[in-house]
Amino acid sequence: MNNKYTPIIGLEVHVELKTNSKMFCSCSADYFGHQPNSHTCPICLGLPGALPVPNRQAIEWCIMIGQALNCKINQFSKFDRKNYFYPDLAKGFQTSQYDLPFGENGFVQLKKGKIRIRRVHMEEDTGKLIHEDIKGESFSLIDFNRSGVPLVEIVTEPDFHDANDVVEYLKKLQTIVRYLEVSNADMEKGNMRLEPNISLQLQGDDGLPKYKVEVKNINSFSFVDKAIKFEIKRQQEILESGKTPVQETRGWNEFKNATVSQRVKEEANDYRYFPEPDIPPIIYSKNQIEQLKEKLPELQETKQMRFVKDYQLTEYDAEILTREKIMADYFEEAAQVAAKHKLTPKQVANHLINGKVDVEQLLPADLIKRIMESTRVKQIDENELNNIITSVLTANEKAVADYKSGKETVIMFLVGQVMRQIKKKVDAQMIKERLKIILYKYGSKN
Amino acid sequence: MNLRNLTITEAKEGLKNKQFSAVELTQAALDQIKLQDNNLNAFITVTENEALDAAGHADKLITQGEDKPLLGIPIALKDLFSTKGIRTTAASRVLDNYVPQYDATVVTRLKEAGGVIVGKTNCDAWAHGSSGENSDFDPTKNPYNLEYVPGGSSSGSPVAVTSGMSLMATGTDTGGSIRLPASFCNVVGLKPTYGRVSRYGIVAMASSLDSIGHFTKTVADSALVLGITAGHDPLDATTPNHSVPNYNEFLGYDLKGIRIGVPKEYYAQGLDKNMHKLADDALKVLISRGANVIDITLPYSQSAIAVYYIIQTAEVSSNLGRYDGIRYGNDRSYFGDEAKRRIMLGTYVLSAGYYDAYYKKAQQVRTLIVDDFRKAFEQVDAIVAPVSPTPPWKIGAKTDDPLAMYLSDIFTVTANIAGLPGLAVPAGFINGLPSGIQILGPHFSEDKLFKIGYAYEQETQFWKEAPKLNE
């Protein structure tokens, strides 16, 4: 797009927590793929007289998410009722938080700068409508298994200006909740639902645009990316034609590859929020909040920096190894074993990054054995190797020429030729690296 | 046998001494219902078979020497209390066919205590009302004069107790719905401290005001029942872990050293002359027992009805949202006028742009009312006042004037706003119709209320005056 408009983008993300039980009852919160309405009770069915009792684990996890996002944690917090009618909403209101969320005013550091977090609050999920044709008639069926599953809503300020930053933020957020081990953050299962709001501001204008378009319930990062790009283009065209885009809620249609209008804001609900009388205010002392903070695990960024420092890894390697906590933990365990066998952390890292190690199957100690085996056979005299490589290159001039002309995959053929000449098992990766260096010089000689 | 002549305590003695069996006792209750309820309309559902089964089981346990606080005692439940497998209507046609899958916590506790449920009692639909006339299942009549209201919203329960259809009945008190009908039917009615008794499983009216209590003939019976129903419930987050004493231990004759507050705002304009006299007489009795009576002031009382009708309707509008026609069979057209009125009022006071002026302001005044009482209880142990500004009125007298109906709660709503316990005790008759006084105390002071109520009751014995029912 040209520079006439600046996209103003904010984001609401719903993260489903992986607590054992639901937010306000003792039903299992694991609803995915279960027989409809098999995980229900009077409370999550909203039967007359049923009352909510909040799940302490969920609240503490919500607070920890807030802390991981650098939020101020409110010592005095409460639940509120958000009243609206929808068939999947058992009680006629959603128990949520309005003016005193657990976390407020945080931030997430992206490459380009900070994204401010407005609030992190706790609420419950709704049931699910299933539209089905039964004997030729169409029915809407309700499955309440999801009703009452704990949800944390994370709202940013409208600090994003392009889709890439949004995706960077989302990946970061996903990594954070996974590190905290509070959500599987599995997009396909709907553990993370994304709602960007997008508007365009004329360059030089102060203040936020007078309209806002929300795109609801997107369940993949790439759809968010596409939806934002689509919206920017769509809104720009409207603005160029001298009109203002309509304030509305849209949805992402992956078949049309477009956002489509769902609800125009004039029809917006007045949710009549008021304090949930069935749940007393939630009070946490400074001390309790501090204790929760101490429970926070080392998060990805810190771990990455520590890996660079403690293990002399490149930032790139450290980043890959720390994307998932299970991998990072595995690496550290393996690196400890490696040290006893005079192997470097870098060797372990290389194996983990390139070697397709199944960290859930292979014990770290076994990985080290494997590395040692491959390094043992690697013992080959450097001069001998250089000679073999040179002779292979001389004998395969066509391949060398192909490589030089950019057909880099041919290097694997050369690796094979070298290995055949060595006649013992050596680390292919090592030969490849050596070949690259010699090929580089080989070229400059000609 | 007539249950009218028995208290729970006496019935337990009779069962223990084999004067009668639990089945005989329950049969007597059921017979009385059959005989009288066509006129009184205290019950929406009578659970004859279940009751006789439960009574038979109780007899077995009694033979085995089992001792439970309500073993074999016929009880009735306001039709707001969820009963597993037994229709629970809230006296609204919206729930005409609703059969709960679960028991309210109080129901579980009463059953575990050995209580025999004879049926579900009538009330104002959704507990909206002060007279019992707003039931979708027709009004309940006052047994002392069938042309008069029994008081509401818990209308059927006190009628069941006072006319010998059960020995105890449950109620809910959101703005006076236990104390007022208790007063109009010559029985003891307890509205416990908010949170003292679990609300789990009881159809909600206004969640921050609803208090779960009961009707008995005597204060001792009331204390006995609270010992069963009170206490923390893991299913109700508003029930604190406050210990439950043996309330009956506090009963006695002597009120020496007890300071009774008389709020001038309750003895002012609008209080019926006869009611005034009845309350004055009650104070004399308390003084004769050794109590000191002290004039106090509760300046924000005048705002209580306004505050109540904002907070209560706001919560009602939200609590009734689930009856949206998708489940429970009957749709929203089955709501009566009063429910619709409260839904509209409540929706209005919570709406964007009006919230601050109404709901928020009401909550602020609520704090002031709480503070009024806090200050008062620095000076006195309890407050005594008439339950209602007038004696029972004729059926139909206020049905066309919602505001007049609302004002009948003027002395009772304050306790709900502040979450305080209140005990209504029979205090005499005006033109043959009963009226009561209420004793209010600080949070969790039920023991003190029972003590005062018991001493008063021992001296007066008004409860013994039975209604004259046609045989």
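Draft legend 1. Up close: the overall build of chain A. Looking only at helices and strands, chain A has 13 helices and 16 strands in total. Evaluated residue by residue, chain A yields a buried proportion of 53% over its 446 residues. Carbon and sulfur atoms form 49% of the exposed surface of chain A, whose accessible area is close to 22,700 Å². Charged side chains of chain A number 64 positive and 63 negative; the gap between the two group centres comes to 5 Å.

Draft legend 2. Looking closely at the sheet that holds strand 4 (residues 80–83) of chain A. The strand order 5-4-15 (chain A) describes an open sheet built from three strands, whose pairing is antiparallel. Each edge of the open sheet is held by one strand with a lone partner, namely strand 5 (93–96) and strand 15 (274–275) of chain A. Strand direction decides the pairing type here: strand 4 of chain A and strand 5 of chain A, joined by four bridges, are antiparallel. Paired with A:Arg81 across the bridge in strand 5 of chain A is A:Thr95. Along the sheet, helix 9 (residues 304–319) of chain B makes contact with strand 4, strand 5 and strand 15 of chain A, crossing strand 4 of chain A at roughly 60°.

Draft legend 3. Representation of the state of the cysteines in the model. The final tally for this structure, using the stated rule, is zero disulfides over all chains. The cysteine A:Cys62 is free of any disulfide, with A:Cys71 supplying the nearest cysteine sulfur at 9.0 Å.

Draft legend 4. Region of the structure containing the domain arrangement of chain A. What the domain assignment lists for chain A is domain 1 (5–291), domain 2 (298–378) and domain 3 (382–445). Computed over C-alpha atoms, the centres of domain 2 of chain A and domain 3 of chain A are 28 Å apart.

Draft legend 5. Expanded view of a nonpolar patch on the surface. Residues and elements named next belong to chain A. Where nonpolar side chains cluster on the molecular surface, the patch consists of Ile-134, Phe-139 and Leu-141 and spans about 220 Å² of accessible area. Along the chain, Phe-139 turns up in strand 9 (residues 137–143). Exposure remark for Phe-139: the relative accessible area of 36% places this residue in the partly exposed category.

Draft legend 6. Structural view of the pairing of strand 10 (residues 422–430) of chain B. Counting buried residues along strand 10 of chain B, eight of its nine residues qualify, which places the element largely inside the surrounding structure. In this structure, the hairpin formed by strand 10 of chain B and strand 11 (residues 433–440) of chain B is closed by a connection of two residues, where B:Asn431 is found at a positive phi of approximately 50°.

Draft legend 7. Inspection of the nonpolar core at higher detail. Formed by 255 residues in total, the largest nonpolar core has its most connected members in A:Tyr169 and B:Trp126. Lining this core are residues from two domains, each supplying at least three of them: domain 1 (5–291) and domain 2 (298–378) of chain A. Residues within four places of B:Trp126 in sequence aside, it is in contact with B:Ala90, B:Ser92, B:Val94, B:Leu95, B:Val203, B:Met205, B:Leu320, B:Tyr323, B:Phe335 and B:Ala339. In this structure, A:Leu385, A:Val400, A:Val426 and A:Leu435 belong to the second largest nonpolar core, which totals 22 residues.

Draft legend 8. Region of the structure containing the interface of chain A and chain B. Contact with chain A, which involves 30 residues of that partner, is made by 37 residues of chain B. Between chain A and chain B the total buried area reaches about 2,600 Å² when both faces are included, carbon and sulfur atoms providing 57% of it. It is A:Pro48, A:Leu51 and A:Arg272 in chain A that bury the most area against chain B; as a group they hold 24% of the surface buried on that side. The partner of A:Asp278 in a salt bridge is B:Arg199, and the shortest N-O contact between them spans 2.8 Å. Between chain A and chain B we count 13 residue pairs in polar contact (both at pLDDT 80 or more) in total. If you list the elements that add at least two residues to the side of chain A that touches chain B, you get strand 4 and strand 15 of chain A. Taken together, the residues of the side of chain A that touches chain B break down into 21 nonpolar, four polar and five charged.

Draft legend 9. Fine view of the sheet that holds strand 2 (residues 72–73) of chain A. Residues and elements named next belong to chain A. The strand order across the open sheet formed by nine strands is 2-6-7-10-1-11-12-13-14, and the pairing between neighbours is mixed. Looking at the sheet topology across the chains shown, the edges are occupied by strand 2 and strand 14 (258–264). Pairing of strand 12 (residues 213–216) with strand 13 (residues 248–253), which is carried by four bridges, proceeds in the parallel orientation. Its bridge partner being in strand 13, Lys-216 is matched across the sheet by Gly-251. Lying over the sheet, helix 3 (residues 221–240) contacts strand 1 (5–16), strand 11 (192–202), strand 12, strand 13 and strand 14, oriented at roughly 25° with respect to strand 11.

Draft legend 10. A look at the packing of aromatic side chains. If you walk through the whole model with that rule in mind, you get 29 aromatic pairs over all chains. Judged by centre distance (5.7 Å) and plane angle (65°), the ring pair of A:Phe274 and B:Tyr359 falls under edge-to-face. Here A:Phe274 is found in strand 15, whereas its partner B:Tyr359 is found in helix 11 (residues 356–379) on a different chain. Plain terms: the ring middles of B:Tyr247 and B:Phe450 are 5.5 Å apart, the flat faces sit at 70° to each other, and that makes the pair edge-to-face. One end of the pair, B:Tyr247, is in the loop between helix 7 (219–229) and strand 7 (259–263); the other, B:Phe450, is in helix 14 (residues 446–460), with 203 residues separating them in the sequence. We note that B:Tyr247, like B:Phe450, is buried. Three or more aromatic residues joined by ring pairs make a cluster, and in this case those are B:Tyr98, B:Trp126, B:Tyr323, B:Tyr328 and B:Phe335. A:Lys82 extends its terminal NZ or CZ atom over the ring of A:Tyr271, reaching a point 4.4 Å from the ring centre.

Draft legend 11. Representation of the packing of helix 8 (residues 273–288) of chain B against helix 14 of chain B. Residues and elements named next belong to chain B. Across the interface, helix 8 lies against helix 14 with an axial gap of 10 Å and an inter-helix angle of 100°. The orientation of helix 8 with respect to helix 14, classified from their angle, is roughly perpendicular. Only Ile-452, Tyr-456, Glu-459 and Thr-460 of helix 14 make contact with helix 8, whose side of the interface consists of Ala-282, Val-285 and Leu-286. Across the contact of helix 8 with helix 14, the residue classes tally to five nonpolar, one polar and one charged.

Draft legend 12. View of helix 3 of chain A. All names here are of chain A. Compared with an ideal rise of 1.5 Å per residue, which puts 20 residues at 28 Å, helix 3 spans 28 Å between its outermost C-alpha atoms and is within 8% of the ideal. Looking only at helix 3, the buried set comprises Phe-221, Phe-223, Val-224, Asp-225, Ala-227, Ile-228, Glu-231, Ile-232, Arg-234, Gln-235, Gln-236 and Leu-239. If you follow the buried residues of helix 3, they end up packed against strand 1, helix 2 (163–179), strand 11, strand 12, strand 13 and strand 14. Its side-chain oxygen 3.3 Å from the backbone nitrogen of Ser-222, Ser-220 forms the N-cap of helix 3. Backbone geometry just downstream of helix 3 places Gly-242 in the positive-phi region, at approximately 90°.

Draft legend 13. Examining helix 2 (residues 22–40) of chain B more closely. All names here are of chain B. Along helix 2, the sharpest kink reaches roughly 40°, centred on Lys-34. Buried residues of helix 2: Ala-22, Leu-25, Thr-26, Ala-28, Ala-29, Leu-30, Gln-32, Ile-33, Gln-36, Asp-37 and Leu-40, and no others. In the core, the buried residues of helix 2 are packed alongside helix 1 (8–16), strand 1 (43–46), helix 3 (48–63), strand 2 (74–78), strand 3 (116–121) and helix 5 (156–162).

Draft legend 14. Summary view of the pattern of salt bridges. Residues and elements named next belong to chain A. Applying the stated rule across the entire model yields 55 salt bridges over all chains. A salt bridge links Glu-276 to Arg-81; the shortest N-O distance between them is 3.1 Å. Taken as a pair, Glu-276 in the loop between strand 15 and strand 16 (282–283) and Arg-81 in strand 4 lie far apart in primary sequence, 195 residues in all. Connected through shared salt-bridge partners, Glu-181, Glu-298, Lys-303, Arg-306, Asp-310, Lys-325, Asp-329 and Glu-332 make up one network.

Draft legend 15. Here's a closer look at empty space enclosed by the protein. Here the structure, examined in full by the defined rule, presents seven cavities of 30 Å³ or more. Taken as a whole, the largest cavity encloses approximately 140 Å³ of empty space. Along the walls of the largest cavity sit 17 residues, with A:Ile43, A:Cys44, A:Lys91, A:Glu124 and A:Ser147 positioned nearest its centre. Residue composition of the lining of the largest cavity, grouped by class: ten nonpolar, four polar and three charged. The volume enclosed by the second largest cavity comes to roughly 100 Å³. Taken together, 15 residues make up the lining of the second largest cavity; nearest its centre are A:Ala50, A:Asp278, B:Ala204, B:Asn319 and B:Arg322. Of the residues assigned to the lining of the second largest cavity, the class counts are seven nonpolar, three polar and five charged.

What counts, and where the lines are drawn
Residues numbered from 1 in each chain as written. Chains lettered and ligands numbered in written order. Predicted model: local features only at pLDDT ≥ 70, side-chain atom pairs only at ≥ 80, totals over all residues. Heavy atoms only, no water. Helix = DSSP H or I, 4+ residues; strand = E, 2+ residues; numbered from the N terminus. Buried < 20%, exposed > 50% of the residue type's maximum accessible area, 1.4 Å probe, protein only. Areas by Shrake-Rupley, 256 points an atom, 1.4 Å probe, with all protein chains shown as cover. Lys, Arg positive; Asp, Glu negative; His and termini not counted. Charge placed at Lys NZ, Arg CZ, Asp CG, Glu CD. Pairing = 2+ DSSP bridges. Contact = heavy atoms within 4.5 Å. Axes fitted to C-alpha atoms, helices over the stretch in contact; angles between N-to-C directions. Disulfide = S-S within 2.5 Å. Domains from an automatic or database assignment. Patch = residues over 30% accessible without salt bridge, like charges linked within 9 Å, V, L, I, M, F, W, Y side chains within 5 Å. Salt bridge = Lys/Arg side-chain N within 4 Å of Asp/Glu carboxyl O. Core = buried A, V, L, I, M, F, W, Y, C linked by side-chain atoms within 4.5 Å. Buried area = accessible area lost by both parts, 1.4 Å probe. Polar contact = N/O pair within 3.5 Å; in protein donor to acceptor, adjacent residues only side chain to side chain. Nonpolar A, V, L, I, M, F, W, Y, C, P; charged D, E, K, R; others polar. Phe/Tyr/Trp six-rings, centres within 6.5 Å; stacked < 30°, edge-to-face > 60°. Lys NZ or Arg CZ within 6 Å of the ring centre and 35° of its normal. Parallel < 35°, antiparallel > 145°, perpendicular 65-115°, else oblique. Expected span 1.5 Å × (residues − 1). Bend = angle between axes of the 7 residues up to and from the residue. 1 Å grid on protein atoms, 1.4 Å probe; cavity = no way out; pocket = protein on both sides within 12 Å on 5 of 7 lines; lining within 4 Å. Points joined across faces, edges and corners; volume = space filled by probe spheres on them.

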